[in-house]
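# Coordinates in review
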Amino acid sequence: MSRMGDVLAGFHAAWEFESDSVLIRYERGIRTPKLFQALGERRVPLEAIAGVTLTPGKRGTVVLRVEPRPGADPLMEAAAGQLKEGGDPYRLVLPAERETLAEYYADELRAQLTESGPAEEFLVAAPEVPLQFKAYDGKASFDGKAVRFRWFWTGASSAKWKAGDQSFSVAELSGVEWRSPEVFEGHLRLLRRDSADDQPAQADQDPAAVVFGLGYGPVHESLPFAAAVLEAVRKSGPVAVVPASAPRRDPADIAERIRHLGELHEAGLVTDEEFSVKKAELLAEL
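Note that this is a predicted model, so its numbers are computed, not measured. Along each chain, the written sequence defines residue order, and numbers are assigned to residues from 1. At least 70 in pLDDT is required for a residue's local features to be given in this predicted model, at least 80 for side-chain atom pairs to be given and counted, and no such filter applies to totals for whole chains, interfaces and linings, which use all residues. In computing side-chain properties, one takes all heavy atoms of the structure into account and sets aside hydrogens as well as water.

## Description of the nonpolar core
Buried Ala, Val, Leu, Ile, Met, Phe, Trp, Tyr and Cys residues form a nonpolar core when they are joined through side-chain atoms within 4.5 Å. Throughout, exposure labels follow a simple rule: accessible area from a 1.4 Å probe, protein chains only, divided by the maximum for the residue type, with under 20% read as buried, over 50% as exposed, and the rest as partly exposed. Ranked by internal contacts, the top residues of the largest apolar core, which has 65 residues, are Leu64, Leu188, Leu190 and Val229. Put simply, DSSP marks the helices as runs of H or I at least four residues long and the strands as runs of E at least two long, and each gets a number from the N terminus on. Sorting elements by how many residues they give to this core places helix α5 (residues 219–236) first, with ten residues.

What follows is the structure in C-alpha cells.
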C-alpha cells in the first residue's frame, strides 16, 4: 500500500492511509454533517472493507468511497441503509481536479483487500460510552452495561407511564431497531431476548422503545447510541437487527398523538410550521 501516514483531505474529512487500516478524521466545522462531528474519527481496518469506488460527484467533485463488509461496522448495521448520501461516513468528497490522486489511492486500497462477504464480528469500533440523548417521550442513557429510559410527562404514552422508567441490562437484549427520524417517524427499540414476540407493534406504546420527532432523537445522537448498544449486545451473544420498515399506526394512536401535538402547539412549544408538518405526517399514516 501507500506509505504509512499518507493523507488525502477532502470536504468534511481526511483519510490517513496506514499499513493495515484507514483512519478517517472528520472536521468539526459548521457545514460538516453533525453525525461526522459526533463520530470525530474512525479507524477502519482493511479487513472490514469489501470494495472501493470512485464516482463523479455534484458540482465539480468526485467521491471516493469504501464499502464496508456486512456485519463489520455496528454503526452501519444499526443504520440499516437509512442514512442519506451526505451523511454516509464512508464517503470522501474531493474537488474534481484531485481525481487522479483519488484514483491512485483507490487502486492502492483495492490491491490490499483480501476479505469479502459478511464479517463474523464487528471490526470497526462503535462510539464510546457513556452516551445519552433526548427522545420525544423520554431520555435514553447507556453506560456500556445497561440502557435506561426515563419518561417525560410531555411526551410519554399512558402505557409507558404505567410501566414506569425502564432499565435493561445488555444481557437481556438480542438487538436493536433504529428508525431514522429523517426517513419517517423514528424510534429506537430494544429487542429483548425473552419477550421479543410480545413487544407492542407501535414504538410509542412499547416501554422498551423511545420515539423521535420535532427535533428529538436526531441522527447524530441516536444512531451512535444504537451502534454502541448493538456492539455491547453482540459481545454478549447473537444480535438481531430489524430491517427498516414503516408499520401503520392504529387510528386511536394517531388521534392521541395529534391531540398531544395540539397541546404543545397551544403552549408555544411547537411552531405553526412544525405543527402543520407533523400533523400532516401523522394523518398520512391512517
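## Here's the deal with the environment of valine 22
Assignment of secondary structure puts valine 22 in strand β3 (residues 21–26). Using a relative accessible area of 2% as the deciding quantity, one classes valine 22 as buried. Note: C-alpha distance between valine 22 and leucine 109 (87 residues apart in sequence) is 9.3 Å. Note on contacts: a residue pair qualifies if any of its non-hydrogen atoms lie within 4.5 Å across the two residues. Non-local contacts of valine 22, meaning those with residues more than four positions away in its chain, are made with Trp15, Glu16, Phe17, Arg42, Arg43, Val44, Leu46, Ile49 and Leu109.

## Re the pairing of strand β5 (residues 49–56)
In this description, strands pair whenever DSSP reports at least two bridges between them. Inspection of the sheet shows β5 paired to strand β6 (residues 61–68) by seven bridges, in the antiparallel sense. In the strand pairing of β6, threonine 55 is matched with valine 63. Linkage of β5 to β6, two consecutive antiparallel strands, is achieved through a turn of four residues, within which arginine 59 is found at a positive phi near 50°.

## Considering the sheet that holds β3
Ordered by their spatial adjacency, four strands build an open sheet running β1-β2-β3-β4, and the pairing between neighbours is antiparallel. If you trace the sheet from one side to the other, it starts and ends with β1 (6–9) and β4 (41–45), each paired once. When the angles between neighbouring strand axes are averaged without regard to direction, this sheet yields 20°. Here five bridges tie β3 to β4, and the two strands are oriented antiparallel to one another. Within β4, the residue paired with leucine 23 across the bridge is arginine 43. Only C-alpha atoms enter the line fits that serve as axes; for helices the fit covers just the stretch in contact. Angles between N-to-C directions range over 0 to 180 degrees.

Coordinates in, geometry out; function isn't part of it.
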